[in-house]
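Here are the chains, one letter per residue:
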Amino acid sequence: MTAPHAGGCRCGAVRFEASAEPHHISYCHCGDCRRASGAPVSAFVGFMTGQVAFTGKALKMFENGPVTRSFCGICGSPIAYVDERLEDHIYFMLGAMDMPAYFKPTHHAHVREQLPYLHMPDDLPRHLKTSVPRPANLQSPDGQRPSDGTLS
Ligand SMILES: [Zn+2]
Ligand SMILES: [Zn+2]
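Note that the structure is a prediction, hence the values are computed from the model and not measured.

Asker: Help me understand the sheet that holds strand β3 (residues 24–28) in this model?
Answerer: Whether parallel or antiparallel, the strands of a sheet pair through hydrogen bonds between backbone atoms. The strand order across the open sheet built from seven strands is β6-β7-β8-β9-β4-β3-β10, with neighbouring strands paired in mixed fashion. Two strands in the sheet have a free side with no partner beyond their single neighbour: β6 (59–64) and β10 (107–109). Pairwise comparison of adjacent strand axes, ignoring direction, gives a mean angle of 30 degrees for this sheet. Both β6 and strand β7 (residues 67–72) contribute to a ladder of six bridges, which runs antiparallel. The partner of Asn64 across the bridge, within β7, is Val67.

Asker: It is not clear to me how the pairing of strand β1 (residues 5–8) should be interpreted in this structure. Could you clarify?
Answerer: Side-chain positions along a regular strand alternate between the two faces of the sheet. Pairing between β1 and strand β2 (residues 15–18): four bridges, direction antiparallel. In the sheet register, Gly8 faces β2, and the bridge partner there is Arg15. Between β1 and the antiparallel strand that follows it, β2, lie six residues; Gly12 among them carries a positive phi value of about 90 degrees.

Asker: In this structure, what is going on with the coordination of the zinc ion (ligand 1)? I would like to understand it.
Answerer: Six octahedral donors around a metal ideally sit at 90 or 180 degrees from one another, while four tetrahedral donors ideally sit at 109.5 degrees. Within the protein, the atoms that donate to the zinc ion (ligand 1) are Cys9 (SG), Cys11 (SG), Cys72 (SG) and Cys75 (SG), at distances of 2.3 to 2.4 Å. The site at the zinc ion (ligand 1) holds four donor atoms, and with the angles between them running 106 to 114 degrees, its shape is tetrahedral.

Asker: Where do I start with the packing of aromatic side chains in this structure?
Answerer: To describe a pair of aromatic rings, one takes the distance between the centres and the angle between the planes. Under the defined criterion, the tally for this structure stands at seven aromatic pairs. Relative to Phe92, the ring of Phe16 lies with its centre 3.8 Å away and its plane at 10 degrees, an arrangement referred to as stacked. With Phe16 in strand β2 and Phe92 in strand β9 (residues 89–93), this residue pair connects regions lying 76 residues apart in the sequence. Here Phe16 matches Phe92 in class, with each residue buried. Relative to Phe103, the ring of Tyr102 lies with its centre 4.9 Å away and its plane at 85 degrees, an arrangement referred to as edge-to-face. A relative accessible area of 2% means that Phe103 is categorised as buried. Aromatic rings pair up to connect Phe16, Phe47, Phe54 and Phe92 into one cluster.

Asker: Looking at this structure, I do not really get the pattern of salt bridges. What am I missing?
Answerer: Any two side chains of opposite charge can pair, on the condition that their charged atoms come close. The tally for this structure, following the rule as stated, stands at four salt bridges. Arg15 serves as the salt-bridge partner of Asp98, at 2.6 Å between the closest nitrogen and oxygen. Of this pair, Asp98 sits in the loop between β9 and β10 while Arg15 is found in strand β2, placing the two residues 83 residues apart along the sequence. We classify Asp98 as partly exposed; its relative accessible area is 38%. With its nearest N and O atoms 2.8 Å apart, the salt bridge here joins Arg126 to Asp122. Accessibility expressed as a relative area gives 37% for Arg126, which makes it partly exposed. A residue is classified by how much of its surface remains accessible, and Asp122, at 25% relative accessible area, is partly exposed.

Asker: It is not clear to me how the coordination of the zinc ion (ligand 2) should be interpreted in this structure. Could you clarify?
Answerer: On the protein side, the zinc ion (ligand 2) has Cys28 (SG), Cys30 (SG) and Cys33 (SG) as donor atoms, found 2.1 to 2.3 Å from it. Of note, the zinc ion (ligand 2) draws all its donor residues from one chain, in the sequence arrangement C-x1-C-x2-C. For the pair formed by Cys28 and Cys30, the shared burial category is buried.

About the thresholds
Residues numbered from 1 in each chain as written. Chains lettered and ligands numbered in written order. Predicted model: local features only at pLDDT ≥ 70, side-chain atom pairs only at ≥ 80, totals over all residues. Heavy atoms only, no water. Pairing = 2+ DSSP bridges. Helix = DSSP H or I, 4+ residues; strand = E, 2+ residues; numbered from the N terminus. Axes fitted to C-alpha atoms, helices over the stretch in contact; angles between N-to-C directions. Donors = N, O, S within 2.8 Å, 3.2 Å for Na, K, Ca; no water. Tetrahedral: all angles 85-135°; square planar, octahedral: opposite > 155°, others 65-115°. Phe/Tyr/Trp six-rings, centres within 6.5 Å; stacked < 30°, edge-to-face > 60°. Buried < 20%, exposed > 50% of the residue type's maximum accessible area, 1.4 Å probe, protein only. Salt bridge = Lys/Arg side-chain N within 4 Å of Asp/Glu carboxyl O.

Take a look at the structure:
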């Protein structure tokens, strides 16, 4: 399968399409995603914002610090998040994609917060914290990347 990649919410009121391949596919074990999704682990498919188009008027936003999560205002399905520190990127819930099996995660993020009973026996890279470097923590003062995991 190749682009465009489409997706949407449970009720169909929110639909979106991405005109390019994703630049990022990962699991996220953080507590914030857990609250937002209700699931023990989340997974995201990242695209460039300029390659994504939404249709419908049901999309709602919830802002929490630098992160804004979107969801369907009718059925409540989580749709995506954007982070103001990652300009021009949008991360869709993998489960919102029409063809979720196509988007195989390539790593795990925030495994420091992974639930202790959750076992995912794969050989994917595991990042203790974020897998995507935010500009603020791109480099430590000595010019080295932080050692506790900031690369996708
Ligand atoms: Zn909906
Ligand atoms: Zn997360």
